[in-house]
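Descriptive structure summary
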Amino acid sequence: MTFGKLLIANRGEIAIRIARAASEVGLQSVAVYSDDDARSLHLRMADEAVALKGSGAAAYLDMDGIIAAAKGAGCDAIHPGYGFLSENAAFAAKCADAGLAFVGPRPEVLDRFGDKASARALAAECDVPLLEGTSGATSLEEARDWFKKLVAREGDGAAIMLKAVAGGGGRGMRAVRALEELDEAYARCQSEAKAAFGIGDVYLERFIPNARHIEVQILGDGTEVTHLWERECTIQRRHQKLMEIAPSPSLSPDMRERLIEDALTLARRIGYDNIGTFEFLVDADRDGGYAFIEANARLQVEHTV
């Protein structure tokens, strides 16, 4: 499939990179911007710029507004970048209905992996190791009960990780090490997730205090899948990665093979298309212990690594 004109449904660095890539292949690009981004650099990097209604993140989460901008500018494709609508299956489906190509995985792939609870269910079906946790969107009362049971079983050192069901990038995540911290952490996770992704649902997993964060890159065409090896992403601050190394210096050959094969198994099961990242935690306190935590069915900041 070839395109003539691409709308970039994002802002900042990723919008600039997409505009540059489009220019390199002779593709016209259209930038969009909210009221408060009217003087942003990404507008000068694209061939055209179209204003969205509203300000802040809400403008970039307006599906109908983005599609109207694309149609009005004569675009035949939309690139969502990362964040915002990049993992939103409903948006990908709306693009198809409007006759626009969505540059990313199919809606059914986004639907499965964009919901982290659904991704966990797929991993369970494929016998890929998982962290102990809740199976879907979890209320505050359910989170309290789950945490109490964990503390009763493991003692005061037990901890959980609250995570947004939708989105990624470290937003909507909080480690909770004491029951009295739970209410505030839960509210903050919900608020962050709602602001960033438009969905405030959260779930929880058992917290692994001494874990290495390993990500496997997947590339698929809907029929065949392959991998582009792994990255070490353990050095983080506030769940934001500060340093990444490829290949990981901490993995044994056996562990590397197991992680890559599990990522390929998940990708094959769903017929993955486009690029994506499958994330794992390797438990440094338990030799050979690891677990799948989530998949990002989109471009990532660190794909350049």
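Heads up: these notes are all about the structure in this document. Fair warning: this is a prediction, and the values are worked out from it, not measured in the lab.

About the cut-offs
Residues numbered from 1 in each chain as written. Predicted model: local features only at pLDDT ≥ 70, side-chain atom pairs only at ≥ 80, totals over all residues. Heavy atoms only, no water. Helix = DSSP H or I, 4+ residues; strand = E, 2+ residues; numbered from the N terminus. Buried < 20%, exposed > 50% of the residue type's maximum accessible area, 1.4 Å probe, protein only. Polar contact = N/O pair within 3.5 Å; in protein donor to acceptor, adjacent residues only side chain to side chain. Contact = heavy atoms within 4.5 Å. Arc of directions from axis to C-beta. Core = buried A, V, L, I, M, F, W, Y, C linked by side-chain atoms within 4.5 Å. Pairing = 2+ DSSP bridges. Axes fitted to C-alpha atoms, helices over the stretch in contact; angles between N-to-C directions.

With that out of the way, let us pick up the side chain of Ser-248. Relative to the helices and strands, Ser-248 is located in the loop between β12 (240-241) and α10 (253-270). For Ser-248, a relative accessible area of 3% translates into the label buried. One polar contact links Ser-248 to Glu-232, side chain to side chain, over a distance of 2.5 Å. Apart from residues lying up to four places away in sequence, Ser-248 is in contact with Ile-214, Glu-230, Glu-232 and Arg-256.

Time to look at helix α6 (residues 107-114). All of the buried residues along α6 are Val-109, Leu-110, Phe-113 and Gly-114. Down the axis of α6, the buried side of the element spans an arc of 110°, and every buried residue falls inside it. At its buried positions, α6 is contacted by α5 (89-97), β5 (101-102), α7 (116-125), α10, β13 (273-283) and β14 (290-296).

Glancing now at the nonpolar core. When a protein is soluble and globular, its nonpolar side chains tend to lie buried together. Formed by 54 residues in total, the largest nonpolar core has its most connected members in Leu-7, Ile-78, Phe-113, Tyr-272 and Phe-278. At eight residues, the largest contribution of residues to this core is made by α10. The contacts of Phe-113, once residues within four sequence positions are left out, are Ala-119, Leu-122, Leu-266, Ile-270, Tyr-272, Phe-278, Ala-295 and Ala-297. Among the nonpolar cores identified, the runner-up in size contains 15 residues, and Ala-143, Phe-147, Leu-150 and Leu-182 belong to it.

In spatial order, the strands read β10-β9-β13-β14; together these four strands make up an open sheet with antiparallel pairing. Two strands in the sheet have a free side with no partner beyond their single neighbour: β10 (225-232) and β14. Neighbour-to-neighbour, the strand axes of this sheet turn through a mean angle of 25°, independent of strand direction. Here strand β9 (residues 211-221) pairs with β10 via six bridges, running antiparallel. For Gly-220, the partnering residue across the bridge sits in β10 and is Val-225.

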